[in-house]
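Remarks on the overall topology
In case you want the letters, here they are:
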Amino acid sequence: PVFSPDGQHYAFAAAIEDGKWVVIRDGSYDPATSFQGIGPILFSKDGSRLIFAASTTGNNWVVSDNDCISASYLGINGIGFLGNGIVSYLAEKTTGMLLVVNGKEFPVRGSLVYSNVVKNAYVDVIRVLTMSEKYDRDTRIFPQVYRASQ
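For the structure given in this document, a descriptive report is provided here.

1. Quick look at the packing of aromatic side chains
- In this structure the tally under the stated criterion is four aromatic pairs.
- Between Tyr10 and Phe12 the ring centres are 6.4 Å apart and the planes differ by 10°, which places this aromatic pair in the stacked class.
- Tyr10 gets classed as partly exposed once you look at its relative accessible area, which sits at 31%.
- For the pair Phe35 and Trp61, a centre-to-centre distance of 6.4 Å together with 45° between the ring planes defines the contact as tilted. Here Phe35 is found in the loop between β3 (20–25) and β4 (37–43), whereas its partner Trp61 is found in strand β6 (residues 59–64), with 26 residues between them in sequence. Comparing Phe35 with Trp61 shows no difference in burial state: the two are buried.
- Within the aromatic cluster, the residues linked to one another by ring pairs are Phe35, Phe52 and Trp61.

Below you can see the structure in the form of C-alpha cells.
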C-alpha cells in the first residue's frame, strides 16, 4: 500500500474480476472505475488528492480521485505533483513525447533518451523549476512550462 504523507490515508491496486484492476482508497473503491492496469499511486503532499496512471488496451490516462483528468496517450511516465499540487507527467503520442503540466501539453524536443530513469529525472527537473522564484535563471529554458504551473 501507499500511505499519504500525513499518515491518515492509504491506497493500493487490487484485481477484482476478469483481469480488471481498481484502486482501493481507505478501504473502498468505485467499481465503475476499473482498468486493465494501474501505474504508480501517489498522494498529494496534504493527502487530500490521489493520482495514478491507468490503462486499457492501447490507452493510458492519468486518474485523480477516480476521474480521468488527461487525454488518452500511448504511454505515461513520471507522474507526480508539483509543489503547488498541480499534476505533471510525461506522455507519449504517435507524434512524440510531451511534458504535461496542469493539463497543458508541451512537446519534448532535443536528444532526450527515452528510458524511465531519464524520463523521471526530466520531470523532476521541471518540478524544481516550477516550485520557486529563485530558479528564474533556469526557467528561461522552459518559460512556457513555468507560466503554466503558476
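2. Digging into the sheet that holds strand β11 (residues 104–107)
- Read from one edge to the other, the open sheet built from four strands follows the order β8-β9-β10-β11, with strand pairing classed as antiparallel. Unpaired on one side and paired on the other, β8 (75–81) and β11 mark the two borders of the sheet. In this sheet, adjacent strand axes meet at a mean angle of 20° when their direction is disregarded.
- Examined bridge by bridge, strand β9 (residues 87–93) and strand β10 (residues 96–101) share six bridges and lie antiparallel to one another. Bridging from a neighbouring strand, Lys93 pairs with Gly96 of β10.

3. Re the pattern of salt bridges
- Under the defined criterion, the tally for this structure stands at two salt bridges.
- The partner of Arg25 in a salt bridge is Asp65, with the nearest N and O atoms 2.9 Å apart. Of this pair, Arg25 sits in strand β3 while Asp65 sits in the loop between β6 and β7 (67–68); the two residues are 40 residues apart in sequence, bridging distant segments of the chain.
- Its relative accessible area of 31% is what places Asp65 among the partly exposed residues.
- A salt bridge links Glu105 to Lys93, with the nearest nitrogen and oxygen atoms 3.3 Å apart.

4. Focus on the nonpolar core
- Formed by Ile51, Ala53, Val62, Tyr73, Ile76, Ile79, Phe81, Val87, Tyr89, Ala91, Leu98 and Val100, the largest nonpolar core amounts to 12 residues.
- Listed by contribution, the elements that provide at least two residues to this core are β5 (50–56), β8, β9 and β10.
- Setting aside residues no more than four positions away along its own chain, Ala53 makes contact with Gly37, Ile38, Gly39, Pro40, Trp61, Ile76 and Ile79.
- Of all hydrophobic cores here, the second largest spans 10 residues; its members include Ala11, Phe43, Phe52 and Val63.

5. Points about the pairing of β6
- Among the six residues that make up β6, five are buried, leaving the element largely enclosed by the rest of the structure.
- As judged from the six bridges shared by β5 and β6, these two strands associate in the antiparallel manner. Paired with Phe52 across the bridge in β6 is Val63.
- With antiparallel pairing between neighbouring strands as the criterion, β5 and β6 make up a hairpin whose turn holds two residues, including Gly58 at a positive phi of roughly 75°.
- Relative to β7, β6 runs antiparallel, the two being bridged by two bridges. From the neighbouring strand, Val63 faces β7, where its bridge partner is Cys68.

What counts, and at which threshold
- Residues numbered from 1 in each chain as written.
- Predicted model: local features only at pLDDT ≥ 70, side-chain atom pairs only at ≥ 80, totals over all residues.
- Heavy atoms only, no water.
- Phe/Tyr/Trp six-rings, centres within 6.5 Å; stacked < 30°, edge-to-face > 60°.
- Buried < 20%, exposed > 50% of the residue type's maximum accessible area, 1.4 Å probe, protein only.
- Helix = DSSP H or I, 4+ residues; strand = E, 2+ residues; numbered from the N terminus.
- Pairing = 2+ DSSP bridges.
- Axes fitted to C-alpha atoms, helices over the stretch in contact; angles between N-to-C directions.
- Salt bridge = Lys/Arg side-chain N within 4 Å of Asp/Glu carboxyl O.
- Core = buried A, V, L, I, M, F, W, Y, C linked by side-chain atoms within 4.5 Å.
- Contact = heavy atoms within 4.5 Å.

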